[in-house]
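Inside the fold
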Amino acid sequence: MAIVLELLSRKNIPLKHYKFEQDYVCVGRDFNNDLRLDDPYVCPSHMLVAIDPETGKLMVNDCQSTNGIKVNNKFVRQATLNSHDIIKIGRTRLRIIDTKVPLAEAIPLSELEDNLSWLNQSFLAICLSFFCLSFLLLSKHLGSVQEFSLIKSLPSELGQLAVFCLWPLTFAILAKVVKKESHIVSQFSLTLLVILLVNGLILLQKIAIFNINPGTWFTWIELVIFATLVASFIWLSLFIAFHQTNHRRNIIACSITFMILAPIYALGFLNTDEFSPRPHYNPLLLPPTYNITSASQTDKFIVHAKQFIHSSR
């Protein structure tokens, strides 16, 4: 039976593993040990991990060390070890691996990874950044009731774009922390594409409201579309950053989507007061080219206006 020890980070992320084809392993800072640890809080001969000849189980023994041994966060002088027990000596963490325990099946490869490889292009990310900035400036121009100044608007929109870019940067850092490829260019390209898509949907929403003035049903359609878009975006971000099963990725994406959307729409549905001391006005004025429906006649408009006034009394 081989003895396998796995070196862990402080967050229990595997860094390296050691396999010993022998019945005992001496661990310490001395160069004569089977496993030498460069840790000033570890004694020259700190502990002994050995196979009990009678039971065949792994045992750990403290070799009268200064700082002792912790097995699963409990100080011990001698203890029986099980698979995946974590031993802490000094500031070093080691995990016991039982080679007889079968490993989980491999995660199936997805063709989606190859299909998304086009996102990993720096030129594409630069072009998307330019288009996103242009779209943000256009949206601010359409929603402004004052004279639009490009020089004054540019810093705020650049700041907004920088805030959006914190999302891919966070996923890239998390991927590095767990020893995976950052795929930072793909994350940036995906985020910028979603920003463009969201702004495009917002423009379509304004055009729809401008033309047909929809009722409550339109709010539910917005919710479904926005929830689907957010969940898909989070799912793809997780897919690019980490190696996970689809089941786990689906649960995480749906959970984060719910945590984001639930407070937003709950506040929107609860805030039904007709009177507001600080009313919000929508200053959006779209040019006639956005008008899809035909304009109403003056006579009909006057009749409808009178009917509306009488019904509101």
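Keep in mind the model is a prediction, meaning the values are calculated, not measured.

1. Observations concerning the packing of aromatic side chains
The description of an aromatic ring pair rests on the distance of the ring centres and on the angle between the ring planes. All told, the structure shown has 6 aromatic pairs when counted by the stated rule. Where Trp 217 meets Phe 218, the ring centres are 5.7 Å apart and the plane angle is 90 degrees; that geometry is what we call edge-to-face. Judged by relative accessible area, Trp 217 falls into the partly exposed class, the value being 49%. Its guanidinium or amino end placed over the ring of Phe 31, Arg 36 lies 4.0 Å from that ring's centre, counting from NZ or CZ. Across from the ring centre of Trp 235, 5.0 Å away, lies the NZ or CZ of Arg 249, which sits over that ring.

2. Digging into the side chain of His 46
By secondary structure assignment, the location of His 46 is in the loop between strand S4 (35–36) and strand S5 (47–51). Looking at His 46, the relative accessible area reads 0%, which means it is buried. A distance of 2.9 Å separates a polar atom in the side chain of His 46 from the backbone oxygen of Gly 68. For His 46, the contacting residues outside a window of four places in its chain are Val 27, Gly 28, Tyr 41, Asn 61, Asp 62, Cys 63, Ser 65, Gly 68, Ile 69 and Ile 89.

3. Quick notes on the sheet that holds strand S6 (residues 58–62)
Read from one edge to the other, the open sheet built from 5 strands follows the order S4-S3-S5-S6-S9, with strand pairing classed as mixed. Every other strand in the sheet has two partners, leaving S4 and strand S9 (78–81) as the edge strands with one partner each. In this sheet, S4 lies alongside strand S3 (residues 24–28) in parallel orientation, the contact comprising 2 bridges. Note on S4: the bridge partner recorded for Val 27 is Leu 35.

4. Quick look at the nonpolar core
Membership of the largest hydrophobic core comes to 24 residues, with the highest contact counts inside it found for Val 27, Leu 35, Met 47, Val 60 and Ile 87. Counting residues in each nonpolar core, the second largest holds 9 residues, with Leu 128, Cys 132, Leu 192 and Ile 195 among its members.

5. Here's the deal with the side chain of Ser 186
When you line up the elements, Ser 186 lands in helix H5 (residues 184–212). Judged by its relative accessible area of 5%, Ser 186 is buried. In contact with Ser 186, other than residues within four places in its own chain, are Leu 119, Asn 120 and Ile 240.

6. Digging into a nonpolar patch on the surface
There is a patch of nonpolar side chains on the surface, built from Val 163, Leu 166, Leu 169, Ile 173, Val 177, Val 178 and Ile 184 and spanning about 540 Å² of accessible area. Topologically, Leu 169 is positioned in helix H4 (residues 166–177).

7. Here we look at the confidence of the model for the chain
Atomic detail in the predicted coordinates should be set aside for any region of low pLDDT. In this model, the chain carries a mean pLDDT of 83, and residues with pLDDT of at least 70 account for 88%. Taking the mean pLDDT of every element in the chain, the minimum, 72, falls on helix H8 (residues 298–312) and the maximum, 93, on strand S10 (residues 86–89).

8. Some thoughts on the environment of His 183
Mapped onto the elements, His 183 comes out in the loop between H4 and H5. Accessibility expressed as a relative area gives 26% for His 183, which makes it partly exposed. Here the alpha-carbon distance between His 183 and Ser 237, two residues 54 residues apart in the chain, equals 10.0 Å.

9. With respect to the state of the cysteines
By definition, a disulfide links the sulfur atoms of two cysteines through a covalent bond. Enumeration according to the criterion identifies 0 disulfides in this entry. The cysteine Cys 63 is free of any disulfide, with Cys 26 supplying the nearest cysteine sulfur at 6.8 Å. With a relative accessible area of 35%, Cys 63 lands in the partly exposed category. Here Cys 132 stays unpaired: no disulfide links it, and the sulfur of Cys 165, its closest cysteine neighbor, is 8.2 Å away. The class for Cys 132 is buried, based on a relative accessible area of 1%.

10. Concerning the sheet that holds strand S1 (residues 3–8)
Sheet strands line up and pair through hydrogen bonds in the backbone, either parallel or antiparallel. Within the open sheet, the 6 strands sit side by side as S2-S1-S11-S10-S7-S8. Their pairing is antiparallel. Each edge of the open sheet is held by one strand with a lone partner, namely strand S2 (14–20) and strand S8 (74–76). For this sheet, the mean angle separating the axes of adjacent strands, direction not counted, is 30 degrees. Note that strand S7 (residues 69–71) and S10 share 2 bridges and pair antiparallel. Directly across from Lys 70, in S10, lies its bridge partner Lys 88.

Rules used throughout
Residues numbered from 1 in each chain as written. Predicted model: local features only at pLDDT ≥ 70, side-chain atom pairs only at ≥ 80, totals over all residues. Heavy atoms only, no water. Phe/Tyr/Trp six-rings, centres within 6.5 Å; stacked < 30°, edge-to-face > 60°. Buried < 20%, exposed > 50% of the residue type's maximum accessible area, 1.4 Å probe, protein only. Lys NZ or Arg CZ within 6 Å of the ring centre and 35° of its normal. Helix = DSSP H or I, 4+ residues; strand = E, 2+ residues; numbered from the N terminus. Polar contact = N/O pair within 3.5 Å; in protein donor to acceptor, adjacent residues only side chain to side chain. Contact = heavy atoms within 4.5 Å. Pairing = 2+ DSSP bridges. Core = buried A, V, L, I, M, F, W, Y, C linked by side-chain atoms within 4.5 Å. Patch = residues over 30% accessible without salt bridge, like charges linked within 9 Å, V, L, I, M, F, W, Y side chains within 5 Å. Areas by Shrake-Rupley, 256 points an atom, 1.4 Å probe, with all protein chains shown as cover. Salt bridge = Lys/Arg side-chain N within 4 Å of Asp/Glu carboxyl O. pLDDT = per-residue confidence, 0-100. Disulfide = S-S within 2.5 Å. Axes fitted to C-alpha atoms, helices over the stretch in contact; angles between N-to-C directions.

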